[in-house]
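Survey of secondary and tertiary structure
Residues per chain, in single letters:
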Amino acid sequence: MLKLAQIKIMLDAEVLCGIEWLDREIKSACGADLMSDVLAFTREHGILLTGLTNIQVIRTAEVSDLVAILFVRGKRPGPEVVAMAKNMEIPLLSTRKQMYEACGLLYQDGLAGCTLKEEPLCCRNKE
């Protein structure tokens, strides 16, 4: 588990909103640009690393009980996305690091990755 403040320092990230929530504990990380994958594979109290900056990212984080969103590759959402995140108390950060590097650094520091909430239909035992 890592504090969001530690992740900010580790990834040299800028806080776009939610500086008051940097003491939150992060239990896992998920790097994805497909929000359907986020809904299927994330765990509660995780952080989402993504290059997408649209409103769907905020809605997906709320539904998935994610603690924060970190935009990679220096991406920054528009003001309407930031406003929605503030309203939902979801901190937003941005790092210039690529997704692969950011996820690797978090994993190297002991943060767990995403696990399936439920086994996908294609992999279930068909007995």
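Residues numbered from 1 in each chain as written. Predicted model: local features only at pLDDT ≥ 70, side-chain atom pairs only at ≥ 80, totals over all residues. Heavy atoms only, no water.

Going by an unreviewed UniProt entry, the protein carries the name FIG168740: DRTGG domain-containing protein and comes from Sporomusa ovata.

**Here we look at helix H5 (residues 99-108)**
Worth spelling out the cut-off: Each residue is assigned to one of three classes by its accessible area relative to the maximum for its type, calculated with a 1.4 Å probe on protein chains only: buried under 20%, partly exposed between the two thresholds, exposed over 50%. Secondary structure counts use DSSP, requiring at least four H or I residues in a row for a helix and at least two E residues in a row for a strand, with both numbered from the N terminus. This arc describes the spread of directions from the helix axis toward the C-beta atoms. The criterion used for residue contact is that any of the two residues' heavy atoms lie within 4.5 Å.
Residues of H5 that are buried: Met99, Ala102 and Leu106. Down the axis of H5, the buried set is contained in an arc of 70 degrees. They therefore lie on one face. In H5, those exposed residues whose orientation departs by more than 90 degrees from the buried face are Tyr100, Tyr107 and Gln108. Against the buried residues of H5 lie strand E1 (2-3), helix H1 (4-10), strand E4 (28-31) and strand E5 (46-50). Of the residues one or two after H5, Gly110 is the one with positive phi, at around 100 degrees.

**Observations concerning helix H4 (residues 79-87)**
Within H4, the full set of buried residues consists of Val81, Val82, Met84 and Ala85. Projected down its long axis, H4 carries its buried residues within an arc of 160 degrees, all on one side. Seen from the open side of H4, the exposed residues pointing more than 90 degrees away from its buried face are Pro79, Glu80 and Asn87. For H4, the elements touching its buried residues are strand E2 (14-17), helix H3 (55-63) and strand E7 (92-94). Phi turns positive one or two residues past the end of H4, at Glu89, with a value near 60 degrees.

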